[in-house]
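Report on the structure
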Amino acid sequence: MCGVCGTYSPNGQVDRSIAAAMHNRLVHRGPDETYSLNTETVSVKLGRLGMTGLVDGWQPAEDRSGRYVAMTNGEVYNAKALREKVGSDRQRNAVDVAVIPELVSRYGIQGLGLVDGQFATVVFDRAENSLILARDRFGICPLYYTVAGSDIHFCSELKPLVQCVDQPWKVDIGAVDQYFSLGNIVAPRTLVKGVNAVPPGCAVRFGPDRQETVRYWRYGQFAPAPEPVSEEALREGLRSSVRDRLHADVEIGAYLSGGFDSTAILMESAALLDRPVRTFSVVFDDPSLDEGRFQREVAEQVGSKHEQILCQPTDIASRFEEMVRHCCYPQRETYNVAAMMLADTVRSFGVKGVVSGEGADELFFGYDSYAFDSATRSTRSSCAENEQAWGRADFSWEVDWRKVSRRREHLASAAHEALVGEEFWRTRLIPFSEDEVKLLSPMQLRSISDVYVQLAGHLLGDHGDAMVMKSSIEGRYPFLGNSVVSLALQTGDSAKVVDFEGKACLKSAYQGVVPESVLRRGKHGFTAYDLRSVVDERTWEGWRGLVEASGVFAPGCLDTAPGQGGADKWDFRLSLISIAMVMDELALGL
């Protein structure tokens, strides 16, 4: 995993100082080496976090014709198979991502769909003087861009891009409404007006006279197999994906939450490696938050070298603002502080990568909401806004329309005016048409929405990439491997949710492998301490002033906004505070 940034100026007037400035703010993403690509029209820099090809791999990489040259952040786990398909590398470049430009040369942008991995790539076409910015299937690796006159600036992180490109930046009030309503911001939108995220499974192509977004893959092509997917196939699919993600020239550890997903991955990892796995987990003093008992039981069973990191209320209070100002993404809970501490500890032990269980709940219907969808309901409330956002009037995902209007009451009058015509539901939030959505079951539609609204932006974004890469750690996600995704799409709804229990087929496949206490325990979401209860009054007052100074929120809103618990799913006050912090960090106006 690395950090990539740069400027494309098709008229040949490249300001190379902008790429240099962004790169200096990305050193935590790639502290091992720095690579540069400079032509008359493009300036790209990449900071490398070396995982493979440490001796005989480098960037930029070229296809055999020399037409396409690429700088890529990430991993291509099936690079060997792809090389056999497209031919050997004439430069003998051993880094796995060196196959990217050859795929584009042979198959165009659609060739990226062959990759089993995680990447954000910048591909320059020398023949056409054009640029491609592309992102992996699920958006594990972030990539942002902005159009400034005739120039295109791009970066692996939002903050360096905004801070290094001199513009009068403003907050995107439509993104604020997305977060108020969904608890997430959906690509291509970001909190900054005029800065876009490359959507998962897409490439954005820029030429001297054009810009177009091309989708090369999308999640949600459900095609249940004629025969049920066997437990053996599920086990082998996950085992293969884990094997690929353990392959590296450096040590790969594992996150262990104490839940089923991370435990299944650890069981496979322990069976594949000839050394004890190094495992890491967070524990809390509060018994209602702590999962330490399950973590220790699993670690003892597999014989891992286990490290537990104690997250205390003082940690949340002292590091919440640091976390927000680093990732520049709104927050609705405090657990990202614990995730940041976890990554800090991983790095302190000299481990450069971890496998983690993200994706299992979305692909195999593990959240409680799928169990509700599996029940027969005679009527579902419908509205035109749902149809515009999701393609179906009777589907609203996690949106509670009664709360949407109440949350908007916390906006200042100027923000209310700016929101007209920019409400979150006016944008289609999933890449499916109305006709395609009609063919989906309620659980399938929820799975697609979970992937594009929650997994890509939040779980893999500010909770995943931003927290691990802050400490120069790479996150790897076996449940998002091509083999597992393919099996998930072939597995019928009724095999995933049985007797109101999600991930039933996975749990059945790991019966007798995963400890029974973990296999049968209820889902325990990762959460941490309530922010208001752990900070002193002086700190809270400072944040109140920051919220009111933003110009986006109404005076006194922090006192009237609902807190944690009750009917609200998250602490809305955290959203107000964190958005104000991001606006302050990036000097955003309204």
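Check the entry above for the structure.
Residues numbered from 1 in each chain as written. Predicted model: local features only at pLDDT ≥ 70, side-chain atom pairs only at ≥ 80, totals over all residues. Heavy atoms only, no water.

Before going further, it helps to examine the overall build of the protein. In terms of helices and strands, the protein carries 25 helices and 17 strands. Judged by the C-alpha coordinates and their principal axes, the protein covers about 60 × 60 × 50 Å. When contacts within the protein are restricted to residue pairs at least 6 apart in sequence, long-range pairs at least 24 apart make up 73% of them. Surface exposure of the protein reaches about 21,600 Å², of which carbon and sulfur atoms provide 48%. The centroid of the 63 positive side-chain charges in the protein is displaced by 2 Å from the centroid of its 80 negative side-chain charges. (Helix = DSSP H or I, 4+ residues; strand = E, 2+ residues; numbered from the N terminus. Contact = heavy atoms within 4.5 Å. Areas by Shrake-Rupley, 256 points an atom, 1.4 Å probe, with all protein chains shown as cover. Lys, Arg positive; Asp, Glu negative; His and termini not counted. Charge placed at Lys NZ, Arg CZ, Asp CG, Glu CD.)

With that settled, consider the packing of aromatic side chains. Applying the stated criterion to the full structure yields 17 aromatic pairs. Seen from their ring centres, phenylalanine 284 and tyrosine 529 are 5.6 Å apart, and the 80 degrees between their planes marks the pair as edge-to-face. Separated by 245 residues along the polypeptide, phenylalanine 284 in strand 14 (residues 278-284) and tyrosine 529 in the loop between helix 21 (516-519) and helix 22 (531-534) bring together distant segments of the chain. Residue classification places tyrosine 529 among the buried residues on the basis of a relative accessible area of 9%. Both rings, one in tyrosine 367 and one in tyrosine 370, keep their centres 6.5 Å apart while their planes meet at 15 degrees; by these two values the pair is stacked. We classify tyrosine 367 as buried; its relative accessible area is 18%. Taken together, the aromatic side chains of Phe138, Trp217, Tyr219 and Phe222 make up a single cluster linked through ring pairs. Geometry around phenylalanine 364 places lysine 496 over its ring, the cationic atom sitting 5.9 Å from the centre. (Phe/Tyr/Trp six-rings, centres within 6.5 Å; stacked < 30°, edge-to-face > 60°. Buried < 20%, exposed > 50% of the residue type's maximum accessible area, 1.4 Å probe, protein only. Lys NZ or Arg CZ within 6 Å of the ring centre and 35° of its normal.)

The next subject is the pairing of strand 14. For strand 14, the buried fraction is high: seven of the seven residues fall into the buried class. One ladder, built from two bridges, connects strand 13 (residues 252-255) with strand 14; its direction is parallel. In the strand pairing of strand 14, alanine 254 is matched with threonine 279. Considered for its hand, the β-α-β crossover made up of strand 13, helix 7 (residues 260-272) and strand 14 is right-handed. Note that the unit made of strand 14, helix 8 (residues 292-302) and strand 15 (residues 305-311) has a crossover that is right-handed. (Pairing = 2+ DSSP bridges. Right-handed = clockwise from strand over helix to strand, strands pointing away.)

Right, let's talk about the environment of alanine 504 for a bit. Turning to its location among the elements, alanine 504 is positioned in helix 20 (residues 504-509). Of the residues examined, alanine 504 reaches a relative accessible area of 14% and is grouped as buried. Once the C-alpha coordinates of alanine 504 and alanine 233 are considered, the two residues, 271 residues apart in sequence, prove to be 15 Å apart. Residues in contact with alanine 504, not counting those within four places in the same chain, are Ala495, Lys496 and Val498.

Of all ten residues in helix 5 (residues 173-182), ten are buried, a share of seventy percent or more. Of the residues making up helix 5, those classed as buried are Ile173, Gly174, Ala175, Val176, Asp177, Gln178, Tyr179, Phe180, Ser181 and Leu182. If you follow the buried residues of helix 5, they end up packed against helix 13 (384-390), helix 14 (401-408), helix 15 (413-419), helix 17 (442-470) and helix 25 (572-586). One side-chain oxygen at the N-terminal end of helix 5 lies 2.9 Å from the backbone nitrogen of glycine 174; it belongs to aspartate 172. (Polar contact = N/O pair within 3.5 Å; in protein donor to acceptor, adjacent residues only side chain to side chain.)

The next thing to look at is the packing of helix 2 (residues 79-86) against helix 3 (residues 100-107). For the pair helix 2 and helix 3, the least separation of the axes is 11 Å and the interaxial angle reads 40 degrees. Relative to helix 3, the element helix 2 is oriented oblique. The element helix 2 and its partner helix 3 pack so that their crossing is left-handed. Contacts between helix 2 and helix 3 involve Leu82, Arg83, Lys85 and Val86 from the former and Glu102, Leu103, Arg106 and Tyr107 from the latter. Among the residues making up the contact of helix 2 with helix 3, the classes are represented as four nonpolar, no polar and four charged. (Axes fitted to C-alpha atoms, helices over the stretch in contact; angles between N-to-C directions. Parallel < 35°, antiparallel > 145°, perpendicular 65-115°, else oblique. Left-handed = near helix turned anticlockwise from the far one by under 90°. Nonpolar A, V, L, I, M, F, W, Y, C, P; charged D, E, K, R; others polar.)

Looking now at the sheet that holds strand 12 (residues 210-215). Strand order in this open sheet of six strands is 4-5-6-7-11-12, and the pairing throughout is antiparallel. Across the chains shown, the open sheet's two edge strands, defined by having one partner strand only, are strand 4 (61-62) and strand 12. Relative to strand 12, strand 11 (residues 202-207) is paired through six bridges, and the arrangement is antiparallel. The residue bridging arginine 205 from the neighbouring strand is glutamate 212, located in strand 12.

Tallied over the full model, the rule gives zero disulfides. The closest cysteine sulfur to the non-disulfide-bonded cysteine 2 is located on cysteine 141, 8.8 Å from its own sulfur. With a relative accessible area of 4%, cysteine 2 lands in the buried category. Here cysteine 327 stays free of any disulfide, with the sulfur of cysteine 328 as its closest cysteine sulfur at 6.8 Å. (Disulfide = S-S within 2.5 Å.)

In contact at an axis separation of 10 Å, helix 5 and helix 25 are set at 160 degrees when each is read in the N-to-C sense. When the axes of helix 5 and helix 25 are compared, the pair comes out roughly antiparallel. Remark: the crossing between helix 5 and helix 25 carries right-handed chirality. When helix 5 is examined against helix 25, the residues Val176, Tyr179 and Phe180 are found in contact with a partner set consisting of Phe572, Ser575, Leu576 and Ile579.

Bringing the pattern of salt bridges into the picture now. All told, the structure shown has 51 salt bridges when counted by the stated rule. With a closest N to O distance of 3.1 Å, glutamate 62 and arginine 126 form a salt bridge. Of this pair, glutamate 62 sits in strand 4 while arginine 126 sits in the loop between strand 6 (117-125) and strand 7 (130-135), and the two are 64 residues apart along the sequence. By relative accessible area, which is 18% here, glutamate 62 ends up buried. (Salt bridge = Lys/Arg side-chain N within 4 Å of Asp/Glu carboxyl O.)

Okay, the pairing of strand 8 (residues 144-148) next. The element strand 8 is extensively covered by neighbouring structure, given that four of its five residues are classed as buried. One ladder, built from five bridges, connects strand 8 with strand 9 (residues 151-155); its direction is antiparallel. Across the sheet, the residue bridging to threonine 146 is histidine 153, located in strand 9. In textbook terms, the turn of a hairpin is the stretch between consecutive antiparallel strands, and for strand 8 and strand 9 this stretch comprises two residues, one of which, glycine 149, has a positive phi near 65 degrees.

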